[in-house]
Amino acid sequence: MIDRGLSIAEVDGLLEVAGACVDIVKLGWGTALVSENLAPKLERYAKRDIPVVLGRTLTELAIRQGRVEGLIAWLRELGLRHVEVSDGTIPLEPEVKSHLIRLLVSNGFTVLSEVGSKDADFIMAPYVWVEQIQRDLAAGAWKVIAEARESGTAGIYRADGEVRTGLIDEIAHVVDPDLLIFEAPLRGQQVWLLKRFGTECNLGNIAPDDVLSLETLGLGLRSDTVER
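Computed from a predicted model, the values in this text were never measured in an experiment. (Residues numbered from 1 in each chain as written. Predicted model: local features only at pLDDT ≥ 70, side-chain atom pairs only at ≥ 80, totals over all residues. Heavy atoms only, no water.)

What follows deals with the overall build of the protein chain. For the protein chain, the helix and strand inventory stands at nine helices and eight strands. Its C-alpha atoms give the protein chain a radius of gyration of 17 Å, within 12% of the compact-globule value 17 Å for 228 residues. Projected onto its principal axes, the C-alpha positions of the protein chain cover 50 × 45 × 30 Å. In the protein chain, which comprises 228 residues, the share counted as buried stands at 51%. Taking contacts inside the protein chain between residues at least 6 apart in sequence as the whole, the part at least 24 apart equals 71%. Summed over all atoms, the accessible surface of the protein chain reaches about 10900 Å², with 51% contributed by carbon and sulfur. (Helix = DSSP H or I, 4+ residues; strand = E, 2+ residues; numbered from the N terminus. Rg over C-alpha atoms; globule rule 2.2 N^0.38 Å. Buried < 20%, exposed > 50% of the residue type's maximum accessible area, 1.4 Å probe, protein only. Contact = heavy atoms within 4.5 Å. Areas by Shrake-Rupley, 256 points an atom, 1.4 Å probe, with all protein chains shown as cover.)

Here it is as structure tokens:
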């Protein structure tokens, strides 16, 4: 689930209604740096044993500014054990990304890497996706996120949000889908992925208001998936 700046009251409401449905929370972009309710919000999630990861933008900024050690220190101060590593905004040489993943893993962090571009016009061949995913997993990434943007209009989707079915099928033919998190902010994308991979498919970039809806889709409690 992506937290774009929820208030404490909104977090409490979400956890009351659908807390058991949330596996991990991402604080979108760089919102963690400017949210005045960061500490109490993290306490709420921690009490429910829901891991929190900061938006990948902060990791990319830390890399660009040469402040990775400072980021690690801040994560420890916040009590966070998950980190997202991406090159979707700034270019990273493959060896630099792999080194960063290994560094974070050696420091006791669980790493979620991300593959794919935020540029809807940039088309990456399926074999390149597979190579990058396998490289990140070999470096120690726990899961690899397949990029889609918060709008669901890039990466594994076309600019209009349509699923790039051939691309996903080719990736899944080589990489175990259990090791992947497919960003799927739109209901049509969620439905397609659940039908393709089943109830336990890992979906990301889910809006708070969509958490309960997605749970019912996975359980076959909505018309879109009731035939399952």
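Our focus in this paragraph is the packing of aromatic side chains. This structure, assessed with the given rule, holds one aromatic pair. With centroids separated by 5.2 Å and ring planes inclined at 10°, the aromatic side chains of phenylalanine 182 and phenylalanine 197 adopt a geometry described as stacked. Taken together, the residues phenylalanine 182 in strand β7 (residues 180–183) and phenylalanine 197 in helix α8 (residues 187–197) connect sequence positions 15 residues apart. The ring of phenylalanine 109 has arginine 81 lying over it, and the distance from NZ or CZ to the ring centre is 4.6 Å. (Phe/Tyr/Trp six-rings, centres within 6.5 Å; stacked < 30°, edge-to-face > 60°. Lys NZ or Arg CZ within 6 Å of the ring centre and 35° of its normal.)

Now for the pattern of salt bridges. This model, assessed by the stated rule, comprises 14 salt bridges. Note that arginine 56 and glutamate 84 form a salt bridge whose closest N and O atoms lie 3.3 Å from each other. Residue arginine 56 is found in helix α3 (residues 56–64), and its partner glutamate 84 is found in strand β4 (residues 82–85); the two are separated by 28 residues along the sequence. Glutamate 84 shares its class with arginine 56; the two are buried. The partner of aspartate 224 in a salt bridge is arginine 187, and the shortest N-O contact between them spans 3.9 Å. Here aspartate 224, found in the segment after α9 (211–218), pairs with arginine 187, found in helix α8; they are 37 residues apart in sequence, far enough to count as distant. Taken together, the salt bridges that share partners define one network made up of Lys26, Arg56, Glu84, Glu114, Glu147, Glu150 and Glu183. (Salt bridge = Lys/Arg side-chain N within 4 Å of Asp/Glu carboxyl O.)

Right, let's get into the state of the cysteines. By the definition in use, this model includes zero disulfides. The thiol sulfur of cysteine 21 is not disulfide-bonded, and the nearest other cysteine sulfur, from cysteine 201, lies at 16 Å. What makes cysteine 21 partly exposed here is its relative accessible area of 23%. (Disulfide = S-S within 2.5 Å.)

Let us look at the side chain of glutamate 60. Here glutamate 60 lies in helix α3. It is arginine 56 that comes nearest to the buried, bridge-free glutamate 60 among opposite-charge side chains, at 4.7 Å. The contacts of glutamate 60, once residues within four sequence positions are left out, are Ser86, Asp87, Gly88, Thr89 and Ile90. (Lys, Arg positive; Asp, Glu negative; His and termini not counted.)

Alternating positions in β7 separate into two faces, Leu180 and Phe182 on one and Ile181 and Glu183 on the other, with burial throughout. Judged from the three bridges that link them, strand β6 (residues 143–146) and β7 form a sheet pairing that is parallel. Along β7, the bridge assignment pairs valine 144 with leucine 180. In this region the chain leaves β6, passes through helix α7 (residues 165–174) and returns to the parallel neighbour β7; the handedness of that crossover is right-handed. Bridging between β7 and strand β8 (residues 203–204) involves two bridges; their strand directions are parallel. In the strand pairing of β8, phenylalanine 182 is matched with leucine 203. Since β7 and β8 lie parallel, the crossover through α8 that links them has a hand, and here it is right-handed. (Pairing = 2+ DSSP bridges. Right-handed = clockwise from strand over helix to strand, strands pointing away.)

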